[in-house]
Amino acid sequence: MEPLHIEASFPRLNNDMTIAKAQIESTGQLPPAEGLSREVVLDMTMTYVLYLLKDNRTVQASQVVDYLVYGDDAELMPLLYSAWLWLARMCIFIGEEQYSIALSCAETALQQLTEYSNKRSEDFLAQVASVLYNLALVHHKTGDNSRASKELTHAQKLLERLTKKNEQRFSALLLYAVQASTIIIQSRTKQMNVLEHYQQAAELYMSQLESGDENLTRDAMNQLVDTLKKEGDIMLEMGNSRNAVKYYTKALRYQKKLNEPMGVRELQLSIGLSKALMRLINRRTAAEQLLTSLLPLARRLGASTEVIEIENLLAGKSRNFNIMSLLKGIF
């Protein structure tokens, strides 16, 4: 998936920035603010943020965005300005592959948008579509293609409406969404083919387990555990959380039969099970309890990657749920 075309969602400003934009593009700097009203300075700074993002100066853009969204005057900022700045922040964190923080930015952007009164305006719908596109990008990158597909579908419908009204502004973003949909569909087809392969492999290992050969049985059990984990991973990516729970649980059951000390393999299986449980509304508490119990094990094993993953899951346990609720409120 292509990164978001951030300019398409940029809100219409309250002041004419033609001269300021020309100064920014010629100097690469924010023009002096002396003698200008707060509203003009804000519009000029918004223009500067857009310039920095388009010029791939993301470190500077991030600094200016943080100054605006965390400043003393942040509450006085127009809602669409604020929402776009959080969307810009989300884009920056996606570029840095900090997906958990990116989701937090999306949540804040949507909170701003829910308070905006004119929900039929072009600027409002453009930002909603852009947040949806970014959410799809995050969920695709984190292996949740089922959720990504739904978000892209909503984004594409909004962009089709917007493109009919303003083709010049939105056609590029619509093209991004269509291309992304194709990628996710192809990914889903590939997942189905891989799943079929692992299902056949699982049947083979099960038959080896029934052979009675002790050496063959232990090797088959090891292979079966890995295969069941792969099946669970694919089910999770495809959005079939209930089946994912079944595969991870079965893999853990066979892993325990190997009578090995608890290690990284069992840790990874348990994290996968936690992810699947977290996507089931009535099992979220169980998922949180399991993750909390896994954290000391991960630290004891020195599994730094898994420690970070567990901490991110615990920190963002309700973020997707909140985002879904906010989107339902908007639509």
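Definitions and limits used
Residues numbered from 1 in each chain as written. Predicted model: local features only at pLDDT ≥ 70, side-chain atom pairs only at ≥ 80, totals over all residues. Heavy atoms only, no water. Phe/Tyr/Trp six-rings, centres within 6.5 Å; stacked < 30°, edge-to-face > 60°. Helix = DSSP H or I, 4+ residues; strand = E, 2+ residues; numbered from the N terminus. Buried < 20%, exposed > 50% of the residue type's maximum accessible area, 1.4 Å probe, protein only. Expected span 1.5 Å × (residues − 1). Arc of directions from axis to C-beta. Contact = heavy atoms within 4.5 Å. Salt bridge = Lys/Arg side-chain N within 4 Å of Asp/Glu carboxyl O. Polar contact = N/O pair within 3.5 Å; in protein donor to acceptor, adjacent residues only side chain to side chain. Core = buried A, V, L, I, M, F, W, Y, C linked by side-chain atoms within 4.5 Å.

Participant: Hey, could you run me through the packing of aromatic side chains in this one?
Facilitator: The description of an aromatic ring pair uses the distance of the two centres, along with the angle that the planes make with each other. A full pass over the atoms with the stated rule returns 5 aromatic pairs. Considering the side-chain rings of Phe10 and Trp84, the 4.8 Å spacing of their centres and the 85 degrees angle between planes classify their relative orientation as edge-to-face. Within this pair, whereas Phe10 is found in the segment before helix H1 (18-27), its partner Trp84 is found in helix H4 (residues 79-95), the two being separated by 74 residues in sequence. Across the pair, Trp84 and Phe10 agree in class, each one buried.

Participant: Would you mind showing me how to read helix H13 (residues 304-315) here?
Facilitator: At 3.6 residues per turn, the α-helix brings residues three or four places apart onto the same side. Between its first and last C-alpha, H13 extends 16 Å over 12 residues, near the 16 Å set by a 1.5 Å rise per residue. Along H13, the positions that sit buried rather than exposed are Glu306, Val307, Ile310, Leu313 and Leu314. Projected onto a plane normal to the axis of H13, the buried residues spread over an arc of 130 degrees and lie on a single side. Turned more than 90 degrees away from the buried face of H13, the exposed residues are Thr305 and Ala315. Among the structural elements, helix H11 (264-278) and helix H12 (284-301) are those in contact with the buried residues of H13.

Participant: Would you take a moment to explain the pattern of salt bridges for this structure?
Facilitator: Oppositely charged side chains are able to pair whenever their charged atoms sit close together. The final tally for this structure, using the stated rule, is 15 salt bridges. Between Glu260 and Arg218 there is a salt bridge; the shortest N-O distance is 3.2 Å. Note that Glu260 is positioned in the loop between helix H10 (241-257) and H11 and Arg218 in helix H9 (residues 214-237), a separation of 42 residues in sequence. The class of Arg218 is partly exposed, set by a relative accessible area of 40%. Salt bridges sharing partners connect three or more residues here, namely Arg12, Glu122, Asp123 and Arg169.

Participant: In this structure, what is going on with the environment of Ala177? I would like to understand it.
Facilitator: Of note, Ala177 is situated in helix H8 (residues 167-209). In this structure, the C-alpha to C-alpha distance between Ala177 and Glu266, residues 89 residues apart in sequence, is 38 Å. In this structure Ala177 touches Tyr133, Leu152, Gln156 and Leu159, once residues within four positions along its chain are discounted.

Participant: For this particular structure, what's the right way to read the side chain of Gln255?
Facilitator: Along the polypeptide, Gln255 turns up in helix H10. A distance of 2.9 Å separates a polar atom in the side chain of Gln255 from a polar atom in the side chain of Arg265. Setting aside its immediate chain neighbours within four residues, Gln255 contacts Val225, Glu260, Arg265, Glu266 and Leu269.

Participant: Any chance you could explain the nonpolar core here in plain terms?
Facilitator: Soluble globular proteins tend to bury their nonpolar side chains together. In this structure, Trp84, Leu85 and Leu113 are the most contacted members of the largest nonpolar core, which totals 67 residues. Among the secondary structure elements, those contributing two or more residues to this core are helix H2 (38-54), helix H3 (58-69), H4, helix H5 (99-114), helix H6 (122-141), helix H7 (145-165), H8 and helix H14 (319-330). The next biggest cluster of nonpolar side chains, apart from the first, holds 42 residues, and it includes Ala202, Ile234, Leu252 and Leu314.

In short, geometric facts, not functional conclusions.
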